[in-house]
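Below, each chain spelled out in residue letters.
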Amino acid sequence: MKVLIIGGVAAGTKIAAKIKREQPEAEVLILNKGKDISYAGCGLPYYVGGVIQQREELVVNTPEAFMALTGAEVRTGVEATALDRTAKQVTAVELSTGESRVYPYDKLVIAVGASPVVPACDGLELENVFYMRTPDDADALRKKVDEGAIRRAVVVGGGLIGLETAENLADRGVKTTVIDYAPHILSEMLDAEVAEYVENAMASAGIVPFTNVALEGISGIGKVEKVLTSRRPMKADAVVLAMGFRPNTGFLAESGLEMFKGTLLVNRDMQTNDPDIYAAGDCALVTSRITGDRLWSAMGSTANITGRLAARRIAGEASEADYPGALGTGIARLPGVNMARTGLTEAAAKTAGFDVETVVTVTDDKAHYYPGAGSFLTKMVCERNSHRLLGLQVLGPGAVDKMADIAVTAISLGARLEDLQYCDFAYTPPYSTAIHPFAVTVNVLLNKLEGSFETFTPAEYAAGAAADYRLVDCSILPSIPGAPYLDLTKLRGPVEGFGPEEKLLLVCSKGKRAYLVQNRLKAFGYTGTRVLEGGTLFNTGILEQN
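These notes cover the structure that comes with them. Computed from a predicted model, the values in this text were never measured in an experiment.

Considering the overall build of the protein
Phase 1: Within the protein, the secondary structure is distributed over 15 helices and 31 strands.
Phase 2: Computed over its C-alpha atoms, the radius of gyration of the protein comes to 26 Å, within 12% of the 24 Å expected for a compact globule of 546 residues.
Phase 3: For the protein, the spread of C-alpha atoms along the three principal axes comes to 90 × 60 × 40 Å.
Phase 4: A burial count over the protein gives 53% of its 546 residues as buried.
Phase 5: Long-range contacts, defined as pairs at least 24 residues apart, comprise 63% of the intrachain contacts of the protein with a sequence gap of at least 6.
Phase 6: Carbon and sulfur atoms provide 51% of the accessible area of the protein, an area that totals close to 23,800 Å².
Phase 7: The average position of the 54 basic charges and that of the 65 acidic charges among the side chains of the protein differ by 2 Å.

Put into structure tokens, the structure is as follows:
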């Protein structure tokens, strides 16, 4: 069997290696446009920042090492230009010579990835305009930083790569600004109020994000001097364009393969509409594990998972379960805060037709007395009637991955909140709390669903839902200027000056103490209380507003 694989970064190399393990006699050939294969694209920003010291550390395998390890053949500097499905052959060009050659196949894998979006604006030819897709891109930017040639940089794009690049530039002493056309950074990954928290954390860390701002051009004499935006010109020595990616599928336009916006449509076996052609990685459109809708999951994890399955199918393995879809899981170390998310946001869940309930909690990320303890700020999304977990977003200085990974497992297994309430999560002071922060959030959401925890979410509060409520400070010590203060430890009966039906918004630093005050006030006959979820730690502007 001849297996031809076009593209050799994550999905392509994974498929080649797995096929050769399953069928050592198969002839497997990878054609790759670039000179590097099997490199760590997600590590590029950290190479720029010097966290990864040597370029070679980004390359998992050289072509020579990969061929020796797997038995697959690799040819680099070769670009596919046409596909003839009837003849089952691909035409490709040797970039160094311009020579064209035809490659036959029995099974074809398209794993060509995607390339950075190139904006239609002036100034792209200037020195110090960078992208962030390949080791060469990262190398070029790092060399300029090492030389001291970059003191101010503008990153265009508020996605993961853009924000991680911004953080690493700032760590190198480069004054960095981020602009994004969307209303918020990470607009497709986080709900608006969660993204806003990240934006505030970035600003506190010295990296100011400007949203609702369009790139209009780049100006300078020979090299970058200004970035022209819809808001105002910004001085800069460099521009990093991280505005998203487009699949490298232009050569397939006349092939008859089904695509959506240039992304190949595949079934749960990773087959295209041609049963002898498979696709995986950033050029393929998978499905959502929750909704079954089409989903673009441009992550190395998805590329490897789907690549492994495609390889088994090509090798004749038919017993394995179909690919159930992705959850859009993502994690990043961002300027000022770590972020992880999985499943549906509240906005996406509502768009998909779910009746949802959410909660925002602030919990300890390990025993509060242990050195280095911090907080998790978590937003959990569930289906209101079934209590099925739908999504999670979590921020904090610590190991946010453990919260996301629990949610991934739970969502994948269709778990309800009640299934998670009494899970025996790992506990010891250096790593967690006696009641795990995930379980705490589950319990709080269940309290809310049962009606014992009556609240305003941060989004509701920001929208003015509490405008006619009297704000009451329930913190350990008075902390909200101008607000009446209630000390939980001294609350023994009705409070003078508070009417039993008066609308009272109870606020503390995290939300927990306000909940305890609410419980006690309810026992004393107060019927109009609400707690502000996330307290002043999440709703960072409340102290300035009052």
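Still to come is the rest of the account.
Considering the pairing of strand E31 (residues 529-532)
Phase 1: Pairing between strand E28 (residues 455-456) and E31: 2 bridges, direction parallel. Within E31, the residue paired with Thr455 across the bridge is Val531.
Phase 2: Handedness of the crossover joining strand E30 (residues 504-507) and E31 through helix H13 (residues 512-523) is recorded here as right-handed.

As for the pattern of salt bridges
Phase 1: Taken as a whole and judged by the stated rule, the model has 35 salt bridges.
Phase 2: One salt bridge connects Asp146 with Arg142, and the closest N-O pair in it is separated by 3.7 Å. Highlighted residues: Asp146 and Arg142, both in helix H4 (residues 135-146), separated by 4 residues, approximately one helical turn.
Phase 3: Between Asp468 and Lys503 there is a salt bridge, and its shortest N-O distance comes to 2.8 Å. One end of the pair, Asp468, is in the loop between helix H12 (458-462) and strand E29 (470-473); the other, Lys503, is in the loop between E29 and E30, and 35 residues separate them in sequence.
Phase 4: Residue Asp468 is classed as partly exposed on the basis of its relative accessible area of 48%.
Phase 5: Take Lys503: its relative accessible area is 37%, and that puts it in the partly exposed class.
Phase 6: Here the salt bridges share partners, and the residues they tie into one network are Lys35, Asp36, Arg55, Asp136, Asp139 and Lys143.

Thoughts on a positive patch on the surface
Phase 1: On the surface, Arg151, Arg152, Lys175, Lys223, Lys226 and Lys235 cluster together into a positively charged patch.
Phase 2: Along the polypeptide, Lys175 turns up in strand E11 (residues 175-180).
Phase 3: For Lys175, a relative accessible area of 52% gives the class exposed.

What to know about the pairing of strand E5 (residues 89-94)
Phase 1: Where strand E4 (residues 78-84) lies against E5, 6 bridges are found, and the strand directions are antiparallel. Within E5, the position partnered with Asp84 by the bridge is Gln89.
Phase 2: Connecting the antiparallel pair E4 and E5 is a turn made up of 4 residues, with Lys88 showing a positive phi of about 55°.
Phase 3: Strand direction decides the pairing type here: E5 and strand E6 (residues 100-104), joined by 5 bridges, are antiparallel.

Cut-offs applied
- Residues numbered from 1 in each chain as written.
- Predicted model: local features only at pLDDT ≥ 70, side-chain atom pairs only at ≥ 80, totals over all residues.
- Heavy atoms only, no water.
- Helix = DSSP H or I, 4+ residues; strand = E, 2+ residues; numbered from the N terminus.
- Rg over C-alpha atoms; globule rule 2.2 N^0.38 Å.
- Buried < 20%, exposed > 50% of the residue type's maximum accessible area, 1.4 Å probe, protein only.
- Contact = heavy atoms within 4.5 Å.
- Areas by Shrake-Rupley, 256 points an atom, 1.4 Å probe, with all protein chains shown as cover.
- Lys, Arg positive; Asp, Glu negative; His and termini not counted.
- Charge placed at Lys NZ, Arg CZ, Asp CG, Glu CD.
- Pairing = 2+ DSSP bridges.
- Right-handed = clockwise from strand over helix to strand, strands pointing away.
- Salt bridge = Lys/Arg side-chain N within 4 Å of Asp/Glu carboxyl O.
- Patch = residues over 30% accessible without salt bridge, like charges linked within 9 Å, V, L, I, M, F, W, Y side chains within 5 Å.

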